[in-house]
Amino acid sequence: MPSETFLPRIHSVFYAIFDVKQGPKIVYQVPEGLIATPPAGLSSLSATSSPKSSAVPLEGDAPQPSSRQVSSSPHPSSNRVLFNFNDVSKYVIPSNPLCGRLVICATRNHRIIGFPVSILGSEYKRNYFRFNLCFVFDRAADLSCYKPIVRKVSRVLAACEEESKFLSSSQSSLTMHAILEQLYEDLNSYSETSIPIDRFNSIELKILPFYPNPPPVKDWQVPLALINLKSRVEDNWDLTVKKVCEHINGINHVRRIAQLADCDLQLTRQAVAHLLYYQVIMMVDIFQYSNMYTLRKNVQWLADEPHVKDECGPYVAKPGKPVLDWPKLLHLYSRFKPGKTVFEWMESHNVHDLGIDVRRFTSFGVIKGFLRRIHRYPVLLSPEPSLSTNRRRQSISHSLAQLNTSSQQSPSSTSVDATRFSGNPSLDNEQMLYSHTREMEPPIYSQRRTSAAEKALEQLHMTLQRTASTSSARAQIVSSASPDESGSSHQAHPFGRHRVNSDIRRQSTPSQYGTSEVSEGLKRVSLYNPSVIVPAPRSTAISRSPSVTATQQAYTPPSQGSPQMFNFPPPELTLMLDGEHHTDELSSHFEVGWPLLQQWLAAIGSGKGNGDFGRVVMIYR
């Protein structure tokens, strides 16, 4: 028999109709007597009795139960009453608007689910026939897997009624009691049943567990196996799922698993979501010693649960180390708080000497639900307005000094300005100063952003015109880089300073039409100092994966030994500092760790480092 955690148990099954004289009433129920029905004289006794009891008991005689009544009441709780039918009769046999819909009503301790059906026809006394076959469960039971079962049973019975008057006929309706018995026994025992009704109709049911859709899988999340996946892998499994299962160890995140399994990132997400749908894994955060954790409110009652006390010690202890008792472990859990990292928590409580696996210690609390992660959300603040105000005041005072100097040197311009503002005495000196400075400054026009195609055409046109001059210039630069020459190399350059800046801009911009290589190795000559050979930028391979965006292909993380890791954070990082992306997402997106990301945030915010990020503010939640 299935356990309570897999499928809810059926406590009762009953069949009810709308009687012309009595209204809603229960015709048959299994087990008998669990649902209290009001006494209605001899008619109610005959209606609720077994179909095999043909004689009606007289007054003073005790009613003898039939063989079917005896066989259908082995349930241990058949002596008690679940609820009174009058309390739920208007929901079991409802009005016409609720017919053809799934109706669930609840009592103090139970829930009743049914699918009422109303069949119209002139052969009926009230021109309609209403019935409902209901199942009774515990109030806290999950009825998701039984909803399609209830709908299908009602549809089959309605089809039988429309074809052969199976329910309204007094002869064929006697088999309903046997159908209820088989539904009750088979669904509770085997979770499936097959009940033939007539030559053309039968009830074929199989209960399958209902799983909700999994949440979206993120690249920075870590799948944690709840069962032994490697022992469950079969040869007919999907190839991507088989590869992904090999690298699920509670440490690798989704993006890392895609790299290790050599699979597409989008296919890896779908494989993890497939495992998450069947509830064989759960998603946790990346474990780092810079993480922060705090307790949830449910630790008040989870701390007394036997399964938490018994499982925590053996799970978090390192191999060969003694198992700590639960009070000591609970004390360590209680020391987690916002603002304190795991490393600081370990140093303050000497966790190294206790023989605890810190990663398993935190993951145990997350799995049981009494520990949660606190994420950092960096936000880049705008510059302070006071600095811009001071700079504007300084520029105004500087412009005023220039205005006084120019007025002393050229009195004619002063007279012109005086005549210009003489007609409007309300203008003060500052407004006059602004007007004068606007005339002195060149006009600023808003430039239209050049498209990529226009840039490529312009660059190709310039390259074709200057091919000969560029090659001759490189030859002169290489010849001037010899050690016999003396003096500045910029003075020996025949094209002048402006030409040098133009060539440097072309070299700093990657182009597929021109190149600055002077040797077979990927090297180029610096035009600021021709004696220095600068390595050319390494070309990145374009990924053919459909899930890799153009931004991710354009940015290549620097190597660990590169001296430019701190000075050159990726430009896309600044756009993502809006408070919507936490540090795990940023680290996974740029494929860097927290130490390097911390340096980048300090560089963007002009901070001093060591927790000071300047204009980048951390939000903890």
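Remember, predicted model here, so these are calculated numbers, not experimental data.

Engineer: Help me understand the packing of aromatic side chains, please; the structure alone is not making it clear to me.
Structural biologist: To describe a pair of aromatic rings, one takes the distance between the centres and the angle between the planes. Taken as a whole and assessed by the stated rule, the structure comprises 20 aromatic pairs. Between Tyr124 and Phe129, the aromatic rings sit 5.7 Å apart at their centres with planes inclined by 25°, giving stacked as the arrangement. In terms of burial, Tyr124 and Phe129 fall into one category: buried. Relative to Phe370, the ring of Tyr333 lies with its centre 5.0 Å away and its plane at 85°, an arrangement referred to as edge-to-face. Placement of the pair is Tyr333 in helix H12 (residues 326–334) and Phe370 in the loop between helix H14 (358–368) and strand E14 (371–374), with a sequence separation of 37 residues. Members of the aromatic cluster, connected to one another through ring pairs, are Tyr293, Tyr315, Tyr333, Phe336, Trp345, Phe361, Phe364 and Phe370. The ring of Tyr315 carries the charged tip of Arg360 above its face, separated from the ring centre by 4.0 Å.

Engineer: Explain the pattern of salt bridges to me, please; I cannot follow it from the model alone.
Structural biologist: Where charged atoms from two side chains of opposite charge approach closely, those side chains can pair. If you walk through the whole model with that rule in mind, you get eight salt bridges. Between Glu591 and Arg255 there is a salt bridge, with the nearest N and O atoms lying 3.9 Å from each other. With Glu591 in the loop between helix H24 (583–590) and helix H25 (594–604) and Arg255 in helix H8 (residues 254–261), the pair connects residues that are 336 residues apart, well separated along the chain. The closest approach of N and O atoms between Asp584 and Arg373, which form a salt bridge, is 2.8 Å. Taken together, the residues span a long stretch of sequence, with Asp584 in helix H24 and Arg373 in strand E14 at a distance of 211 residues. Relative accessible area serves as the criterion here: at 8%, Arg373 is assigned to the buried category. Here the salt bridges do not stand alone but share partners, grouping Asp219, Arg255, Arg269 and Glu591 into one network.

Engineer: Could you clarify how one ought to interpret the side chain of Asn201 in this entry?
Structural biologist: Secondary-structure assignment places Asn201 in the loop between strand E9 (192–196) and strand E10 (202–206). Judged by relative accessible area, which is 14%, Asn201 ranks as buried.

Engineer: Looking at this model, I keep getting lost on a positive patch on the surface. Mind explaining?
Structural biologist: A cluster of basic residues, Lys147, Arg151, Lys152 and Arg155, forms a positive patch on the protein surface. Tracing the backbone through its elements, the reader meets Arg155 in helix H4 (residues 147–164).

Engineer: Could you clarify how one ought to interpret the nonpolar core in this entry?
Structural biologist: Nonpolar side chains in soluble globular proteins tend to be buried together. Of all hydrophobic cores here, the largest spans 42 residues; its most connected members are Tyr15, Phe131, Leu133, Phe135, Leu157 and Met176. Sorting elements by how many residues they give to this core places H4 first, with seven residues. Contact partners of Tyr15, with chain neighbours within four places excluded, come to Lys25, Ile26, Val27, Tyr28, Phe129, Phe131, Asn132, Leu167, Met176 and Leu180. By size, the runner-up hydrophobic cluster in this structure holds 23 residues, among which are Leu302, Phe336, Ile356 and Phe364.

Engineer: Would you take a moment to explain the confidence of the model for the protein chain for this structure?
Structural biologist: Mean pLDDT over the protein chain stands at 74; residues scoring 70 or higher make up 63%. Note that residues 1–5 has pLDDT below 50 and, in this model, seven contacts with residues that lie over four places away or in other chains.

Engineer: Help me understand H24, please; the structure alone is not making it clear to me.
Structural biologist: Of all eight residues in H24, eight are buried; the element is thus mostly enclosed. Of the positions making up H24, those classed as buried are Thr583, Asp584, Glu585, Leu586, Ser587, Ser588, His589 and Phe590. Following H24 by one or two positions, Glu591 adopts a phi angle in the positive range, close to 60°.

Engineer: Whenever I open this one, the environment of Tyr28 confuses me. Can you help?
Structural biologist: Looking at where Tyr28 falls in the secondary structure, it is placed in strand E2 (residues 23–30). A relative accessible area of 8% places Tyr28 in the buried class. As a C-alpha pair, Tyr28 and Val13 span 15 residues in sequence and 8.5 Å in three-dimensional space.

Engineer: Please clarify how the environment of Asp186 should be interpreted in this entry.
Structural biologist: With respect to the helices, strands and loops of the structure, Asp186 is situated in helix H5 (residues 176–189). Residue Asp186 is classed as buried on the basis of its relative accessible area, which comes to 16%. For Asp186 and Leu205, which are 19 residues apart along the polypeptide, the C-alpha to C-alpha distance reads 9.7 Å. In this structure, Asp186 is in contact with Ser191, Glu192 and Thr193, ignoring residues within four places of it in sequence.

Engineer: Got a minute to help me understand the pairing of strand E6 (residues 110–114) in this structure?
Structural biologist: Within a regular strand, side chains alternate between the sheet's two faces. Buried residues dominate E6, accounting for four of its five residues. Alignment of strand E5 (residues 103–106) against E6, held across four bridges, turns out to be antiparallel. For Cys105, the partnering residue across the bridge sits in E6 and is Ile112. Counting the residues that bridge the hairpin from E5 to E6 gives three residues.

The rules behind each value
Residues numbered from 1 in each chain as written. Predicted model: local features only at pLDDT ≥ 70, side-chain atom pairs only at ≥ 80, totals over all residues. Heavy atoms only, no water. Phe/Tyr/Trp six-rings, centres within 6.5 Å; stacked < 30°, edge-to-face > 60°. Buried < 20%, exposed > 50% of the residue type's maximum accessible area, 1.4 Å probe, protein only. Helix = DSSP H or I, 4+ residues; strand = E, 2+ residues; numbered from the N terminus. Lys NZ or Arg CZ within 6 Å of the ring centre and 35° of its normal. Salt bridge = Lys/Arg side-chain N within 4 Å of Asp/Glu carboxyl O. Patch = residues over 30% accessible without salt bridge, like charges linked within 9 Å, V, L, I, M, F, W, Y side chains within 5 Å. Areas by Shrake-Rupley, 256 points an atom, 1.4 Å probe, with all protein chains shown as cover. Lys, Arg positive; Asp, Glu negative; His and termini not counted. Charge placed at Lys NZ, Arg CZ, Asp CG, Glu CD. Core = buried A, V, L, I, M, F, W, Y, C linked by side-chain atoms within 4.5 Å. Contact = heavy atoms within 4.5 Å. pLDDT = per-residue confidence, 0-100. Pairing = 2+ DSSP bridges.

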